[in-house]
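# A look at the structure
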Amino acid sequence: MRGFTLIELLVSVAIFTIVMVVALGALLAIAEADRKAQTLKTITNNLGSAVESMSRSIRTGSNYRCGSSSGVDCPSPGATSLYFRPIGGGEWAYRWNSNTLNPHCQNALGCIQRSQDGGANWADITAPEVVVLNPITAGSGPGLTFYLFGSTQGCPGDCVQPKVTILLRGYVKVTEALNSKFDLQTTITQRIYDQ
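Described below are features of the structure shown in this document. (Residues numbered from 1 in each chain as written. Predicted model: local features only at pLDDT ≥ 70, side-chain atom pairs only at ≥ 80, totals over all residues. Heavy atoms only, no water.)

### Some points on unusual backbone geometry
A positive phi is found at Asn63, a non-glycine position, where the angle reads about 50°. Of note, Asn63 is situated in strand S1 (residues 62-66). (Helix = DSSP H or I, 4+ residues; strand = E, 2+ residues; numbered from the N terminus.)

Given below as structure tokens:
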């Protein structure tokens, strides 16, 4: 009965080692892809939560205005900020900002911020990995732009129920080399009938 030679054993161990290294590489690549997918999902959920929060508070608000204007619609080209009165009173606002304009924004390239005191203090509502493009330099579309229609209250001057359309463009930074672009649009109609 003949056994294995030393050469056959060395070749077998070498082939087994190569197969294991390839399998380990594939396993590590799958684990990395899963980590990136989970990161993207978490950040996308943050963006969805921010937009939903904006929509809910705007829908139940009143006395809408764009930026520093008072009671004036902002059709094309839109505005980068929206002020309104929430149900409990006071004044809330949402805006686009970057830390080049305001050092309190976590993202150098742009984020969405909310103020619950009429614009005196602002807080980011999007994660630092969510980049909302500058509305002026967003290329073929807005970064964060509000379009307001029907802001004047009561007939006969204005018989249109207030409506806000939000356009949002940017990307999610999953890694330094991997970005996932997004383009969102939502239209919100005031829930309170003011006619």
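### Topic: the pairing of strand S8 (residues 144-149)
For a regular strand, side chains alternate in direction, first toward one face of the sheet and then toward the other. Buried residues dominate S8, accounting for five of its six residues. The pairing of strand S2 (residues 74-79) with S8 spans two bridges and is classified as antiparallel. Bridging from a neighbouring strand, Cys74 pairs with Leu148 of S8. Note: S8 against strand S9 (residues 163-173), six bridges, orientation antiparallel. Within S9, the position partnered with Tyr147 by the bridge is Thr165. (Buried < 20%, exposed > 50% of the residue type's maximum accessible area, 1.4 Å probe, protein only. Pairing = 2+ DSSP bridges.)

### Comments concerning the sheet that holds strand S3 (residues 81-85)
Pairing within the open sheet is antiparallel, and its five strands lie in the order S1-S3-S4-S5-S6. Strands at the two margins of the open sheet, each flanked by one partner only, are S1 and strand S6 (123-124). For S3 and strand S4 (residues 92-97), the ladder comprises four bridges, and the chain directions are antiparallel. Across the sheet, residue Ser81 finds its bridge partner in S4, namely Arg95.

### Considering the pattern of salt bridges
Per the stated rule, a full pass over the model turns up four salt bridges. One salt bridge connects Arg35 with Glu32, and the closest N-O pair in it is separated by 2.7 Å. With a gap of three residues between them, Arg35 and Glu32 both fall in helix H1 (residues 6-59), about one helical turn apart. The exposure class assigned to Arg35 is partly exposed, which follows from its relative accessible area of 40%. (Salt bridge = Lys/Arg side-chain N within 4 Å of Asp/Glu carboxyl O.)

### A closer look at a nonpolar patch on the surface
On the surface, a nonpolar cluster with roughly 380 Å² of combined accessible area is contributed by Ile7, Val11, Ile15 and Val19. Here Ile7 lies in helix H1. The exposed category is assigned to Ile7, whose relative accessible area is 59%. (Patch = residues over 30% accessible without salt bridge, like charges linked within 9 Å, V, L, I, M, F, W, Y side chains within 5 Å. Areas by Shrake-Rupley, 256 points an atom, 1.4 Å probe, with all protein chains shown as cover.)

### Details of the pairing of S9
A large share of S9 lies buried, amounting to nine of its 11 residues. Sheet topology note: the strand S7 (residues 130-132)/S9 ladder contains three bridges and is antiparallel. For Val132, the partnering residue across the bridge sits in S9 and is Gly170. In terms of strand pairing, S9 meets strand S10 (residues 179-189) through 11 bridges, oriented antiparallel. By the bridge assignment, Lys173 is partnered in S10 with Asn179.

### Here we look at H1
When the terminal C-alpha atoms of H1 are compared, their 78 Å separation across 54 residues agrees well with the 80 Å that a helix rising 1.5 Å per residue should span. Of the positions making up H1, those classed as buried are Ile43, Leu47, Ala50, Val51, Met54, Ser55, Ser57 and Ile58. (Expected span 1.5 Å × (residues − 1).)

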